[in-house]
Amino acid sequence: MARFEEADKRLFENIWICMKCNSKNKSGKGKPRKCRNCKGKRFRLKHKVKKSGK
């Protein structure tokens, strides 16, 4: 299945993962202030899937 820029933006842009409980937090601009589940403050961006080169 082909990957489109619009789909990549929807799946990976502005999605932050909580380092404490691993929940996904969408944020319109920048990092969220606190997690929606555990109220933690440590986040990372969602990892992008690398294309396999054959």
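Everything in this summary refers to the structure shown in the same document.

What counts, and at which threshold
Along each chain, the written sequence defines residue order, and numbers are assigned to residues from 1. Whole-chain, interface and lining totals are the exception, using all residues; otherwise, since this is a predicted model, local features are given only for residues with pLDDT of at least 70 and side-chain atom pairs are given and counted only at 80 or more. Excluded from the side-chain calculations are hydrogens and water; all other atoms, namely the structure's heavy atoms, are used. Helix and strand assignments follow DSSP, with helices taken as H or I runs no shorter than four residues and strands as E runs no shorter than two, numbered in order from the N terminus. Burial status follows relative accessibility: with a 1.4 Å probe on protein chains alone, a residue under 20% of its type maximum counts as buried, one over 50% as exposed, and anything between as partly exposed. In this analysis, two residues are considered to be in contact whenever any of their non-hydrogen atoms come within 4.5 Å of each other. Strands pair, by our definition, only if DSSP identifies at least two bridges between them. Only C-alpha atoms enter the line fits that serve as axes; for helices the fit covers just the stretch in contact. Angles between N-to-C directions range over 0 to 180 degrees.

A few words now on the side chain of S23. Secondary-structure assignment places S23 in the loop between β1 (15–18) and β2 (24–26). Residue class for S23 comes out buried when judged on its relative accessible area of 6%. Setting aside anything within four residues of it in sequence, one finds S23 in contact with W16, I17, C18, C35, R36 and N37.

Turning to the sheet that holds β1, a few remarks are in order. Spatial strand order, β2-β1-β3: three strands in an open sheet with antiparallel pairing. A strand with exactly one partner marks an edge of an open sheet, and here the two such strands are β2 and β3 (43–45). Strand after strand, the sheet turns through a mean of 40 degrees between neighbouring axes, direction not considered. Here β1 pairs with β2 via three bridges, running antiparallel. Bridge assignment links I15 to a residue of β2, and that residue is K26.

Before going further, it helps to examine the pairing of β1. The alternating pattern of β1 places I15 and I17 on one face and W16 and C18 on the opposite face, and all of these are buried. Between β1 and β2, which pair antiparallel and follow one another directly, the connecting turn spans five residues, one of which, N22, has a positive phi of 60 degrees. The pairing of β1 with β3 spans three bridges and is classified as antiparallel. In the strand pairing of β3, W16 is matched with L45.

Along the chain, G40 turns up in the loop between β2 and β3. Look at G40 and you get buried, because its relative accessible area is 11%. Considered as a pair, G40 and C21 are 19 residues apart in the sequence and their alpha carbons are 8.3 Å apart. Setting aside residues up to four positions removed in sequence, G40 forms contacts with R33, K34 and C35.

Structurally, C18 is set in strand β1. Residue classification places C18 among the buried residues on the basis of a relative accessible area of 1%. As a C-alpha pair, C18 and R44 span 26 residues in sequence and 6.7 Å in three-dimensional space. Sequence-distant contacts of C18, defined by excluding residues within four places in its chain, comprise S23, N25, C35, C38, R42 and F43.

Honestly, that's just the spatial picture; any functional story needs more than this.
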